[in-house]
Amino acid sequence: MGSALEPGMLNARLVLERPEETPDGQGGAAVSFIAMASLWAHIEPVAAKADEAAGTLRVAVTHRIRLRWRGDLAGGMRLHKGERLFEIRAFCDPDETRRYLICDCEEIKP
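Report follows, based on the coordinates. (Residues numbered from 1 in each chain as written. Predicted model: local features only at pLDDT ≥ 70, side-chain atom pairs only at ≥ 80, totals over all residues. Heavy atoms only, no water.)

Within this structure, the stated rule accounts for zero aromatic pairs. In this structure, Arg-78 packs its charged tip against the face of Phe-33, placed 3.8 Å from the ring centre. (Phe/Tyr/Trp six-rings, centres within 6.5 Å; stacked < 30°, edge-to-face > 60°. Lys NZ or Arg CZ within 6 Å of the ring centre and 35° of its normal.)

Pairing analysis gives three bridges linking strand S1 (residues 12-23) to strand S4 (residues 78-81), with the strands arranged antiparallel. Each residue of the ladder has a partner; that of Glu-17, found in S4, is Arg-78. Between S4 and strand S5 (residues 84-92), which pair antiparallel and follow one another directly, the connecting turn spans two residues, one of which, Gly-82, has a positive phi of 60°. (Pairing = 2+ DSSP bridges. Helix = DSSP H or I, 4+ residues; strand = E, 2+ residues; numbered from the N terminus.)

Bringing the pairing of S5 into the picture now. Bridge analysis of S4 against S5 gives four bridges, and the strand direction is antiparallel. Residue pairing for S5: Arg-78 is matched across the bridge by Glu-87.

All right, on to the nonpolar core then. Membership of the largest hydrophobic core comes to 16 residues, with the highest contact counts inside it found for Ile-65, Leu-67, Leu-79 and Ile-88. In contact with Ile-88, not counting residues within four places along its chain, are Leu-16, Leu-73, Met-77, Arg-78, Leu-79, Cys-103, Asp-104 and Cys-105. (Core = buried A, V, L, I, M, F, W, Y, C linked by side-chain atoms within 4.5 Å. Buried < 20%, exposed > 50% of the residue type's maximum accessible area, 1.4 Å probe, protein only. Contact = heavy atoms within 4.5 Å.)

Here it is, written out as structure tokens:
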């Protein structure tokens, strides 16, 4: 997909979530995620990479997710579609017009 984002390309309904820490009573914190917004996006698979660690095979699948621009995106947030979770690794406004964002994400297994 080129740099232009056509409205019809936003064909995946996702939920944007932010992390929230709550004290665990042991001096640490448990992290949960709170839904912030439901939005339309375009999901584009980028790569899959297999790594072996501790005798298990871990497969990392990365995606480029395009969505309408929003000013409240921050590190640590994630997107989800049904049971699929996408951790936002980086994001940018590719042409600096505040029309849309490109999020580099890794799909994580819950």
